[in-house]
Amino acid sequence: MKFRVMADVKQKLLFRNKDVSTVNGSDGTLGSFEKAGKPNRPKEKVNGLKEIAQGLGKPLNDLLEGEIRDFLINEAELHTYDDLTKVNPVTPSTVLKCLQARYSAKVFYTHAGCTLVALNPFQPIPHLYSLDVMREYHSAPQPQEFKPHIFIVAEEAYRNVQGHVQPMNQSLVVSGESGAGKTWTSRCLMKYYATVAASSQKSQDTVEKIERRVLDSNPLMEAFGNSCTLRNSNSSRFGKYIQLQLNGSQLLVGASVHTYLLEKTRVAIQAPNERNFHIFYQMMKGATEKQRLEWMLPLEQDFAWLPHAEKTLEEDCLRETVDAMINLGIDEKKRAQIFRILAGLLQLGNVNFSPASEEAQSCDLDGHSKGFLQKTAALLQVPLDELQSCLTVRTLRAGKQNVLKPCSQSECGVRRDCLAKAIYAQLFDWLVSFINNSMCADSSMWCNFIGLLDVYGFECFHLNNLEQLCINYANEKLQQHFVAHYLKAQQEEYVTEGLQWSFIRYQDNQGCLDLIEGSPSSIFSLLNEECRLNRASDAKQFSVRLEKDLSDNANISWDKFSKEPHFTVAHYAGKVSYQIKGMMEKNKDPVPPELTCLLQKSQDSLLHGLFADSDHESEGSRGHSKVTTVVSKFKNSLESLMKILHSTTPHYTRCIKPNPDCRPLTFKKEEVIAQLEACGIVETINISAAGFPIRIPYGSFLQRYGLITNNRQAAQMNGKNGPEMSDQAVLGSAVKDVLSVVLKRHVPNPTLSPGDNNNMVHCGRTKVFLTQSLLEMLEEHRNRVRSQKAFCIQCSWRRYQHRQRNLRTQAATRIQAGVRSWRVRRKIKKWHKAASVIQTKWRRWRAWMDALAEAELDDAEDFMEEELSVSSKLDPLLRERGSVQLSSIQEPVLVRGWPIGLAIASAPTVTVSLTATGFQRIMSMMACLKIPFRHGEYKVETNQFDQGVASIRAQPRGSIKMHLQRSPLLYADRHPMHKTDVVTGFNQILLEKT
């Protein structure tokens, strides 16, 4: 507690001599807010600190310096402070020392409360941005527990899109000076989202296509929009805001790009020791011989608009740009047209003019300019004569007539540069539009977006003009957004919600913004008014007017000893002197209507399409009062950007440039401390350390965390039938119940009264203010409660499922038993019916057989007599062998079939050999015996016949031998009993007789 109270006193000491403004009023006073104390920082404790200092006989300054020395004495541990809010005391010197120690240890990212500080190493660190590192941060339950990294900011924004309490769109603002690493950081962020948001297997081809196009849009726009400057070899000369569009499953389905203020003057005018846009150098160094012939770019040719072409950079790679064009869908014909137009601009830059011999004549082309102009006309596919005429003669409108007036030598150069800037700007806008059409998704396919803002950093050169004024104005707006979101709004909200808070002073840049864009008088308003007047521009006269109308603003000054008209603006990052000469012409940015008409006549379809819908000619006919100036368009586009940022949740990354010479691992204290003070890092650290970064309305809090206590209000609110939001007392009581349950697990005897000693939470009038650590506790407790409730639901569901399964099993068992009993009863009934039929048939057949047997026995004597008479006539040899000669049997004797035939018919294989003495008419008996034969099952043979059998009863005398492979008697059994070893019925009679 002592440390936090001291932090407030230190802040008053640090800023007491600074000319700073505060958040309350325009008079620069703190008002009544300064009398209050921060949470847990009552006034008595400040007085107590003074008493301690007085008791020790030391002033507060000495006590502060002593603590700083004590903190810095252990330099070996300074690099371990991954969050600067842990530094104690928080001063510019302690923050600077920690950053220097971490930079020396090759640790380039550090948390600074709610922002991330990134130090540019100026050398490749490939392992720091590998795919494995991306997946590690993406899959981590708590990425904040990892080392500080740009991927932590990216993952936090990605999770907040479908956030805990209030899901909304996200914006990542990357700010810093030119050369601090903003472009590289934005590139890493895009690669991260293209990787983690394309991990689903659904529609993988489409996702990979969008991912590839999003990544390929970067090198293409950098080739056409970035350049090498004094402070950065890959400086963005335009601003861009990229919206990564996500669907409900948080998959990347599209993207769109919004650009701001391309520095098109760089095409024709390059500052000393600076280069043109990268694409021109890529063409010169990467073109093949065939392409050089097509583009008319000889290898030995020098171009006036390509300074320092001998300098080789990593960005001078044409192959990468062409591959990006191919992946984005730019066909070969369009690529050829683009490169021909760019080559035509290079040829146009070598066209120079010489003064005319007479005043009434137009300027002539000097030296080799005619050849360059011919190549320009051929590459742009415009008439040569009309091109030369448009560059040397201007058209004036006098009433309804057009008057031609020759241009001076300087005016010819201006018209040449104007033509090049107009073509390049339109070509850049066409590329951006094509990129958006190739990767932007339909509005029905995405529901949220993550925005990446990469703008030019704060610039201060030896000569600064309108471009630097607009760039620094954009940085002032971003700084104001940062101040309004993190510093001003948070502190004012603390007081509104009833928190005891002592305001921390910070540097508010509202005065500087009023100077640049304010009303009724500001730099922009005066500049636009001067440009709309139908008169020649006068830099001195404009300087006098600025000094007259804006002298009351403390953020502008003039150097009266300077020969050139200028003014100096005190920006948040430092003072910058702007040259007035040429500022009005750049603000007008006129395109002569005859140049537009010339380009509309081009035979090149792409160039013709760029100016087909141009309305410059009609605007020129209306007069200067309708001209839209550069600063007006830029201000409007910047205001639309700020509206988007205010509607999203911002995440700030502050890029710091360690040294002005871009040397690897070189740390210049003066350079870094100036950037830290300019962007308000120290104030941000103090507010983040002392305040509550998480602010949640009571209703939203109960909707998410009310289940921890089974709160009735939370349940009703989830059902959208809860108490009105005006009943904050009821909601506040429910919120305190939830917080008490959570704090009991971590804090002994927690209290939530307004004057408590709880550093983790404060309940305001309508919101609850939390630290990040308590939010993590709430999420952990909520997940635990949800797991318990889910376990209870699972148990109940499993119990219900088990009961239903048992009931279904019992029902199935009963059905099966009923079916089985029914089938058994049906089978038994069939058996009884079959048995009755068999018994009836058996009895009937047995009675019939008995009758036949009796009849045959009665006729036995007749057969014996006949046999004796016949046998006496047979051959004795035949009689001895027991054979029967078939030819000797003359008259067949009809013998009825006996039941033995039935028995033999049922046997599978039967061989019968019959031997009888005195068989006179066996042939007739065998013919009359009717036996149902079955093929392949049995065989009956006698020694006279191939098949057949004689009746046993027909020959009661002698012996009958039956040789059986398997007894046929069992097959003759028709009794419905399962005793296979018992012989009954007629078979028993047969066995007894044999």
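Residue indices begin from 1 for each chain and proceed along its sequence in written order. Predicted model: local features are reported for residues with pLDDT of at least 70 only, side-chain atom pairs are reported and counted for 80 or more only, and whole-chain, interface and lining totals are derived from all residues. Hydrogens and water are ignored here; the side-chain numbers use all heavy atoms of the structure.

As for the overall build of the protein chain
Here a strand is any run of E in DSSP of at least two residues, a helix any run of H or I of at least four, and the numbering for each starts at the N terminus. Helix and strand counts for the protein chain come out as 35 helices and 19 strands. Note on exposure labels: buried denotes an accessible area under 20% of the residue type's maximum, exposed denotes more than 50%, and partly exposed covers the range between, all computed with a 1.4 Å probe on protein chains only. Here the protein chain holds 994 residues, and 48% of them are scored as buried. When checking whether two residues touch, look at their non-hydrogen atoms; a contact exists if any pair is within 4.5 Å. Of the contacts formed within the protein chain by residues at least 6 apart in sequence, a portion of 71% connects residues at least 24 apart.

Notes on a negative patch on the surface
Here the term patch refers to residues with relative accessible area over 30% and no salt bridge, with like charges joined within 9 Å and nonpolar side chains (Val, Leu, Ile, Met, Phe, Trp, Tyr) within 5 Å. The Shrake-Rupley method, run with a 1.4 Å probe sphere, supplies the accessible areas, and residue values consider only the shown protein chains as cover. A pairing counts as a salt bridge when a side-chain nitrogen of Lys or Arg comes within 4 Å of a carboxyl oxygen of Asp or Glu. For the charge count, each Lys or Arg is scored as positive and each Asp or Glu as negative, with His and the chain ends excluded. Here the site of a charge means atom NZ of a Lys, CZ of an Arg, CG of an Asp or CD of a Glu. A cluster of acidic side chains, namely Asp850, Glu854, Asp858 and Asp859, defines a negative patch on the protein surface. Structurally, Asp850 can be placed in helix H30 (residues 772-858). Given a relative accessible area of 39%, Asp850 falls into the partly exposed group.

Remarks on the sheet that holds strand S1 (residues 109-112)
When DSSP finds two or more bridges between a pair of strands, those strands are recorded as paired. Reading across from one edge, S1-S2-S16-S3-S12-S6-S7 is the order of the seven strands in this open sheet, with mixed pairing throughout. With one partner strand each, in any of the chains shown, S1 and strand S7 (252-260) form the two edges of the open sheet. Going across the sheet, the axis of each strand differs from the next one's by a mean of 20°, ignoring polarity. Relative to strand S6 (residues 239-246), helix H24 (residues 630-646) is tilted by about 35°, and along the sheet it contacts strand S3 (170-176), S6, S7 and strand S12 (448-454). Axis definition: a line fit to C-alpha positions, over the contact stretch in the case of helices; interaxial angles, taken between N-to-C directions, run 0 to 180 degrees.

Some words on a positive patch on the surface
Together, Arg823, Arg826, Lys827 and Lys830 line one region of the surface with positive charge. Tracing the sequence through the fold places Lys827 in helix H30. On the basis of relative accessibility, which here comes to 45%, the residue Lys827 falls in the partly exposed class.

So, the nonpolar core
Among the buried residues, those of types Ala, Val, Leu, Ile, Met, Phe, Trp, Tyr and Cys that are joined through side-chain atoms within 4.5 Å form a nonpolar core. Of all hydrophobic cores here, the largest spans 133 residues; its most connected members are Tyr193, Phe224, Ile338, Leu342 and Tyr424. With 14 residues, the single largest contributor to this core is helix H15 (residues 409-439). Beyond its immediate stretch of four places on either side in the chain, Ile338 contacts Phe224, Met325, Ile330, Leu427, Trp430, Leu431 and Leu606. The next biggest cluster of nonpolar side chains, apart from the first, holds 45 residues, and it includes Tyr241, Ala474, Ile556 and Leu638.

Here we look at the packing of aromatic side chains
Each aromatic ring pair is specified by the distance between its two centres and by the angle formed by the two planes. When two rings of Phe, Tyr or Trp (its six-membered ring) have centres within 6.5 Å they constitute a pair, described as stacked for plane angles under 30 degrees, edge-to-face for angles over 60, and tilted for the intermediate range. Enumeration over the complete set of coordinates arrives at 24 aromatic pairs. Summarising the aromatic geometry, the rings of Tyr103 and Phe108 are spaced 5.7 Å apart at their centres and angled 75° between planes, so their arrangement reads as edge-to-face. Like Phe108, Tyr103 is buried. Through pairs of rings, three or more aromatic residues link up here, namely Tyr129, Tyr137, Phe146, Phe151, Tyr158, Trp184, Tyr192 and Tyr193. Definition used: whenever NZ (Lys) or CZ (Arg) falls within 6 Å of the ring centre and also within 35 degrees of the ring normal, the charge is taken to sit over that ring. The aromatic ring of Tyr281 is capped on one face by Arg275, whose charged end is 3.9 Å from the ring centroid. Positioned over the ring face of Phe482 is Arg654, at 4.4 Å from the centre of the ring.

Focus on the packing of H15 against helix H21 (residues 593-600)
Between H15 and H21, whose axes approach to 11 Å, the crossing angle comes to 50°. One finds that H15 runs oblique with respect to H21. In this structure, H15 meets H21 at a crossing whose hand is right-handed. Counted together, Arg415, Leu419 and Ile423 of H15 and Glu594, Leu595 and Leu599 of H21 form the full contact between these two elements. Residues are grouped as follows: Ala, Val, Leu, Ile, Met, Phe, Trp, Tyr, Cys and Pro are nonpolar; Asp, Glu, Lys and Arg are charged; every other residue, Gly included, is polar. Its residues placed into classes, the contact of H15 with H21 shows four nonpolar, no polar and two charged. Note on terminology: angles under 35 degrees are roughly parallel, angles over 145 are roughly antiparallel, angles of 65 to 115 are roughly perpendicular, and the others are oblique. By convention the crossing between two helices is left-handed if the near helix lies anticlockwise of the far one by an angle smaller than a right angle, and right-handed if it lies clockwise.

Remarks on the packing of helix H29 (residues 728-743) against H30
Following both chains from N to C, one finds H29 and H30 inclined at 90°, their axes separated by 10 Å at the closest point. Classified by the interaxial angle, the pair formed by H29 and H30 is roughly perpendicular. Two secondary-structure elements touch here, H29 through Val738, Leu739, Val741, Val742 and Leu743 and H30 through Leu774, Met777, Leu778 and His781.

Considering the environment of Asp613
Here Asp613 is to be found in the loop between helix H22 (605-610) and helix H23 (616-622). A C-alpha to C-alpha distance of 9.1 Å links Asp613 and Gln600, two positions 13 residues apart in sequence.

Re unusual backbone geometry
Cis geometry marks the peptide bond from Ser519 to Pro520; its omega dihedral reads 5°. Looking at the secondary structure, you find Pro520 in the loop between helix H17 (510-517) and helix H18 (523-532). Despite not being glycine, Gln250 has its phi angle at roughly 60°, a positive value. With respect to the element layout, Gln250 can be found in the loop between S6 and S7. A relative accessible area of 16% places Gln250 in the buried class.

Focus on the pairing of strand S16 (residues 649-656)
Among the eight residues in S16, seven count as buried, and that is most of the element. Here S3 runs beside S16; their pairing, made up of seven bridges, is parallel. Note that in S16 the partner of Val173 across the bridge is Tyr652.

Describing the pairing of S1
Both faces of S1 are covered, namely the face carrying Tyr109 and His111 and the face carrying Thr110 and Ala112. The pairing of S1 with strand S2 (residues 115-119) spans four bridges and is antiparallel. Each residue of the ladder has a partner; that of Ala112, found in S2, is Thr115. Between S1 and S2, which follow one another and run antiparallel, lie two residues, and Gly113 among them has a positive phi close to 70°.

Concerning a nonpolar patch on the surface
Residues Val824, Ile828 and Trp831 make up a contiguous nonpolar surface patch of about 320 Å² in total accessible area. Structurally, Val824 is set in helix H30. Assessed through its relative accessible area of 48%, Val824 is described here as partly exposed.

Digging into helix H19 (residues 539-550)
Its twelve residues place the ends of H19 16 Å apart at the C-alpha level, agreeing with the 16 Å of an ideal helix rising 1.5 Å per residue. Looking only at H19, the buried set comprises Ala539, Phe542, Ser543, Leu546 and Leu550. Considered in projection along H19, the buried side chains sweep an arc of 105° and stay on one side of the axis. Away from its buried face by more than 90 degrees, H19 exposes Lys540, Val544 and Lys548. For H19, the secondary structure elements touched by its buried residues are H17, H18, strand S13 (556-557), strand S14 (566-571) and helix H20 (583-588). Taking the backbone nitrogen of Lys540 as reference, a side-chain oxygen 3.2 Å away marks Asp538 as the first, capping residue of H19. Expected span of a helix, by definition, is 1.5 Å for each gap between consecutive residues, and there is one gap fewer than residues. This arc is taken over the directions from the axis of the helix to the C-beta atoms. Here a polar contact is taken to be a pair of N or O atoms separated by no more than 3.5 Å, where protein atoms must pair a possible hydrogen donor with a possible acceptor and residues adjacent in sequence count only if both atoms sit in side chains.

Here's the deal with the pattern of salt bridges
Here the structure, examined in full by the defined rule, presents 27 salt bridges. The residue Arg275 makes a salt bridge to Asp316 at a minimum N-O spacing of 2.9 Å. With a gap of 41 residues between them, Arg275 in the loop between S7 and helix H9 (278-286) and Asp316 in the loop between helix H10 (289-295) and helix H11 (318-328) connect regions that are remote in the sequence. Accessibility expressed as a relative area gives 14% for Asp316, which makes it buried. Between Glu780 and Arg784 there is a salt bridge; the shortest N-O distance is 3.3 Å. Of this pair, Glu780 and Arg784 are both found in helix H30, four residues apart, which corresponds to roughly one turn of the helix. Residue Arg784 is classed as partly exposed on the basis of its relative accessible area of 27%. The network of salt bridges with common partners includes Arg237, Glu263, Arg266, Glu274 and Glu459.

Some thoughts on the environment of Ser354
With respect to the helices and strands, Ser354 occurs in strand S8 (residues 353-354). The contacts of Ser354, once residues within four sequence positions are left out, are Cys363, Asp364, Leu365, Asp366 and Gln409.

A closer look at the sheet that holds strand S18 (residues 761-763)
As summarised here, the arrangement of the three strands in space is S17-S19-S18, forming an open sheet in which the pairing is antiparallel. Whereas interior strands pair on both sides, the edge strands pair on one side only; in this sheet they are strand S17 (694-697) and S18. Averaged over all pairs of adjacent strands, the angle between strand axes in this sheet comes to 15°, irrespective of strand direction. Sheet topology places S18 next to strand S19 (residues 767-770); three bridges connect them, and they run antiparallel.

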